[in-house]
Amino acid sequence: MLAMELDTAAVKPFMASLLREDLFDKFETRSVEVVGKSRISIENNAEGGYIPWGELRPLVHTIVKAGGKPRYVKVVLSFPGEKTSVVHGNAAALFLNLVYENDGVTFTTATAQREFQLEKTLDQAWDTWVAGFFARKGLEVKSRE
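Cut-offs used in this document
Once a new chain begins, its residue numbering starts again from 1 and follows that chain's sequence as written. Given that this is a predicted model, residues contribute local features only at a pLDDT of at least 70 and side-chain atom pairs are listed and counted only at 80 or more, while totals for whole chains, interfaces and linings are drawn from all residues. Computation of side-chain values covers all heavy atoms of the structure but excludes hydrogens and water. In this analysis an axis means a line fitted to C-alpha atoms, helices contributing only their contacting stretch, and an angle means the value between N-to-C directions, from 0 to 180 degrees. Helix and strand assignments come from DSSP, with helices taken as H or I runs of at least 4 residues and strands as E runs of at least 2, each series counted from the N terminus. Each angle gets one of four labels, with under 35 degrees taken as roughly parallel, over 145 as roughly antiparallel, 65 to 115 as roughly perpendicular, and the rest as oblique. Residue contacts are counted whenever heavy atoms from the two residues lie within 4.5 Å of one another. Throughout, the protein atoms alone are placed on a 1 Å grid, and a set of points is a cavity if a 1.4 Å probe fits but cannot get out or a pocket if it is open with protein on both sides within 12 Å along at least five of seven lines; lining residues have an atom within 4 Å of a point. Grid points are joined across faces, edges and corners, and a volume is the space filled by probe spheres set on the points. Ten residue types, Ala, Val, Leu, Ile, Met, Phe, Trp, Tyr, Cys and Pro, are classed as nonpolar, four, Asp, Glu, Lys and Arg, as charged, and the remainder, Gly among them, as polar. Aromatic pairs are defined between Phe, Tyr and Trp rings, using the six-membered ring for Trp, whenever the two ring centres lie within 6.5 Å; interplanar angles under 30 degrees are classed as stacked, those over 60 as edge-to-face, and all others as tilted. Whether a residue is buried, partly exposed or exposed follows from its accessible area with a 1.4 Å probe, protein chains only, as a fraction of its type maximum: under 20%, in between, or over 50%, in that order. In this analysis, strands are considered paired if DSSP registers two or more bridges between them. Working rule for helices: expected span equals 1.5 Å times residues minus one. Here, the arc refers to the directions that run from the helix axis to the C-beta atoms.

## A short note on the packing of helix H1 (residues 11-20) against helix H2 (residues 53-67)
One can describe the packing of H1 onto H2 by two numbers: an axis separation of 7 Å at closest approach and a directional angle of 120°. By the angle between their axes, H1 is oblique relative to H2. On the side of H1, the interface is formed by Leu18, Leu19 and Arg20, while H2 contributes Trp53, Arg57, Val60, His61 and Val64.

## Considering empty space enclosed by the protein
One pass over the full model with this rule turns up one cavity of 30 Å³ or more. Taken as a whole, the largest cavity holds about 40 Å³ of empty space. Lining the largest cavity, in full, are Phe14, Met15, Leu18, Val73, Val75, Leu98, Val99, Tyr100 and Val105. For the lining of the largest cavity, the residue count by class is nine nonpolar, no polar and no charged.

## With respect to the packing of aromatic side chains
One pass over the structure, following the stated rule, counts 13 aromatic pairs. Considering the side-chain rings of phenylalanine 27 and phenylalanine 133, the 5.5 Å spacing of their centres and the 70° angle between planes classify their relative orientation as edge-to-face. One end of the pair, phenylalanine 27, is in the loop between H1 and strand S2 (28-35); the other, phenylalanine 133, is in helix H4 (residues 121-136), with 106 residues separating them in the sequence. A relative accessible area of 6% places phenylalanine 133 in the buried class. Ring centres of phenylalanine 79 and tryptophan 129 lie 4.8 Å apart, and the angle between their planes is 70°; this geometry places the pair in the edge-to-face category.

## Description of the pairing of strand S5 (residues 72-78)
Counting buried residues along S5, six of its seven residues qualify, which places the element largely inside the surrounding structure. Bridge count between S2 and S5: seven bridges; the pairing is antiparallel. Following the sheet pairing, glutamate 28 is matched in S5 by serine 78. Here seven bridges tie S5 to strand S6 (residues 91-101), and the two strands are oriented antiparallel to one another. Paired with valine 73 across the two strands is tyrosine 100, which belongs to S6.

## Digging into the layout of surface pockets
A volume near 400 Å³ is recorded for the largest pocket. Around the largest pocket, the lining is made up of 15 residues, and of these Lys12, Met15, Ala16, Lys69 and Pro70 lie nearest the centre. Secondary-structure elements contributing two or more residues to the lining of the largest pocket are H1 and H2. For the lining of the largest pocket, the element with the highest residue contribution is H1, accounting for six residues. For the lining of the largest pocket, the per-class residue count stands at seven nonpolar, three polar and five charged. In this structure, the second largest pocket spans a volume of roughly 200 Å³. Lining the second largest pocket, in full, are Asp22, Leu23, Phe24, Asp25, Lys26, Phe27, Phe79, Pro80, Lys83, Trp129, Phe133 and Lys137. Considered class by class, the residues forming the lining of the second largest pocket number seven nonpolar, no polar and five charged.

## Considerations on H4
The end-to-end C-alpha distance of H4, which contains 16 residues, comes to 22 Å, matching closely the 22 Å that a straight helix rising 1.5 Å per residue would cover. Listed as buried for H4 are Leu122, Trp126, Asp127, Val130, Phe133 and Phe134. Each buried residue of H4 sits inside an arc of 130° when the element is viewed along its axis, so together they form one side. Exposed side of H4, more than 90 degrees from the buried face: Thr128, Ala135 and Arg136 are the residues found there.

Laid out in structure tokens, this is it:
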């Protein structure tokens, strides 16, 4: 598991990108929680397939905009299911958790295996892919470990 955070100066532009631009649009949305004046949770129904962030993003943007600056936002994304083998052959699911809280943004990664194995090459492959994705998108993150 990789744990990273954004520089404080990058938080506001990142949140604007998250809610207004296509940065994560191809990822699948597993869940969203926004806490401001009220708590709003969106749980995705796996039976119907996970909704791409690009389709859900305008709704989340509207929720955040209507409620003012949130105290907490958590978005759980996953790499598109049919593409997980590009990252690692044993990947059943690859997760990226984004949390905005206390004027900061943190990211953590997680994986689910197709077949149980004790070795950590799946975690390492996903962490490397995410770090490369952030670098390609110009997101400067630092490790929290």
